Amino acid sequence: MPQKNLNVCYVIYSEELWNPLLKRQVLELLSTASTAESRLRVRLLYIFPWYWLFVKKNKLAALKKELASGSIELKILPVPFPFPFPYFFPKYIKNLGFRPFEPDSSRFFWVLKALLLPVLLKYAFIDDFKTFHCRSYPSSAIVLPVKRLSKKINLIFDPRSDFPEENLLQSSWKKDGHSFKYWKKQEKKLLQYSSLTVCISEIYHTHYQNYYPDFRCTIIPNNVDCSTFKYNPEARAVLRKENNLEGKILFCYLGSMGTGGWHCPKVYAKIIKTYRAIKLPHTFLFLVPESSQAEIIKVFNDSGLKRSEFLIISPDYHKVPEFLSAADYGLIYLEREKIALGTKVVEYNAMGLPVLLNSNVLSAVDYVNEHRTGLVINIGAGDSDKEPSPVECIEFSKPEGVCSREEITRTANSIFSNERIATEYIQVYKSFTN
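The following paragraphs examine the structure supplied in this document.

Remarks on a positive patch on the surface
Now for step 1: A surface patch of like charges, here positive, comprises Arg 148, Lys 181, Lys 185 and Lys 189.
Now for step 2: It is helix H7 (residues 178-193) that provides the largest number of residues to the positive patch, a total of three residues.
Now for step 3: Within the secondary structure, Lys 181 sits in helix H7.
Now for step 4: Taking relative accessible area as the criterion, Lys 181 reaches 46% and is therefore assigned partly exposed.

And the structure:
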């Protein structure tokens with residue numbers, strides 16, 4: 001008797017799928033899973049505000065073209081949300097400047113749920129997609145009503161981050177505000193009614209247990225394409241020569257950065273100043289989107305940094321591993337405490353780069369300490385990062401207690417590779433089908 005197909009509807013809401021982070025965490029992972037398991041049929045339901053059809057037209061067209069010949073079935077669904085009109089006007093927050101304005105979720109989100117309910121019921125009971133893998137709180141909340149209507153529906157709540165607390169960190173919400181309270185209530189319902197919640201570390205598991213102790217959980221960490229993120233000694237030699245980096249320790253940051261976000265330029269300005277105590281010649285490389293460059297340079301200049309102390313480059317997506325090959329360490333520092341592991345941590349380690357971080361990156365601290373793949377070096381940023389570490393005492397040419405580049409790479413491959421993580425998700429999908 002032939003085995004049943006594994007029909008999975010992967011749901012994304014209002015995230016830019018062409019963003020490098022989303023491509024790595026979603027498209028590459030789903031593609032790897034589809035290749036590994038012939039029975040897996042993936043429908044990617046991409047929900048976004050209707051005006052994206054106009055303002056992001058070219059990006060959407062490129063995405064459709066990219067997925068047209070692959071194993072992932074793309075369904076786009078523009079919706080009239082924020083409701084009843086888009087919110088174009090930012091709001092001003094003292095000391096941070098203008099921040100994107102978000103409507104009060106509790107007043108408008110129920111409209112979105114009601115609009116999408118017929119579509120989701122069709123997918124479940126006509127198209128036979130009984131398993132919904134939902135990335136983030138909003139997409140999971142959209143599917144929750146369908147799950148509560150029928151026990152035959154399997155909802156995988158895959159939060160990726162602590163969404164309510166994340167918005168506090170970014171100053172989008174206030175702790176006594178309506179949006180934060182609303183999403184904490186939604187969080188408890190999702191933990192209670194979801195078939196399974198995916199936590200990317202044990203610290204995430206502990207965090208959610210504080211709000212609903214008996215939720216069903218599996219721990220599956222972030223993923224990385226280890227065939228792409230691998231050390232390239234030839235590229236290292238060329239790039240270090242081209243950028244006058246020979247003989248220097250190179251500290252590298254990869255990812256987006258902006259005032260008011262998780263990764264803030266003023267924190268990295270403080271890092272550069274703190275690391276001035278290092279005796280060896282060194283410099284800092286920032287691999288960031290081109291749109292972030294002007295703000296970073298302004299903050300660094302205002303902080304009194306010399307232009308010779310840092311290098312800012314916006315490489316093409318496929319060039320990132322070459323630039324990481326030129327580096328000696330990867331950086332991730334947060335001003336406020338967060339339970340994050342960080343995809344950049346995984347990518348640094350896949351390249352064999354030790355990670356330097358502060359005590360505020362809670363899951364990453366546990367990981368690098370357990371596997372000896374980095375060092376916790378505090379700068380007195382606040383929260384868990386209370387006092388600066390004695391940077392001048394650290395031998396960066398051969399740091400004590402840190403594995404070799406080859407050992408770090410092997411550890412990352414064994415824990416975070418696309419193949420390993422895809423296999424774990426396939427087992428989850430099978431558990432709902434068999």
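Now that the structure is up, let's keep going.
Some points on the pattern of salt bridges
Now for step 1: In this structure the tally under the stated criterion is 24 salt bridges.
Now for step 2: The salt bridge involving Arg 43 is made with Glu 73; its shortest N-O contact spans 3.1 Å. Taken together, the residues Arg 43 in strand S2 (residues 40-49) and Glu 73 in strand S3 (residues 72-79) connect sequence positions 30 residues apart.
Now for step 3: The exposure class assigned to Arg 43 is buried, which follows from its relative accessible area of 5%.
Now for step 4: Judged by its relative accessible area of 24%, Glu 73 is partly exposed.
Now for step 5: For Glu 73, the salt bridge goes to Lys 75, with nearest N and O atoms at 3.7 Å.
Now for step 6: For Lys 75, a relative accessible area of 33% puts it in the partly exposed group.
Now for step 7: One salt-bridge network, in which partners are shared between bridges, spans Arg 41, Arg 43, Glu 73, Lys 75, Lys 122 and Asp 127.

Description of a nonpolar patch on the surface
Now for step 1: Side chains of Trp 50, Leu 53, Phe 54 and Val 55 sit close together on the surface and give an oily, nonpolar patch of about 420 Å² of accessible area.
Now for step 2: Inspection of the secondary structure puts Leu 53 in helix H2 (residues 52-55).
Now for step 3: Judged by its relative accessible area of 34%, Leu 53 is partly exposed.

Quick notes on the rules
Residues numbered from 1 in each chain as written. Predicted model: local features only at pLDDT ≥ 70, side-chain atom pairs only at ≥ 80, totals over all residues. Heavy atoms only, no water. Patch = residues over 30% accessible without salt bridge, like charges linked within 9 Å, V, L, I, M, F, W, Y side chains within 5 Å. Areas by Shrake-Rupley, 256 points an atom, 1.4 Å probe, with all protein chains shown as cover. Salt bridge = Lys/Arg side-chain N within 4 Å of Asp/Glu carboxyl O. Lys, Arg positive; Asp, Glu negative; His and termini not counted. Charge placed at Lys NZ, Arg CZ, Asp CG, Glu CD. Helix = DSSP H or I, 4+ residues; strand = E, 2+ residues; numbered from the N terminus. Buried < 20%, exposed > 50% of the residue type's maximum accessible area, 1.4 Å probe, protein only.

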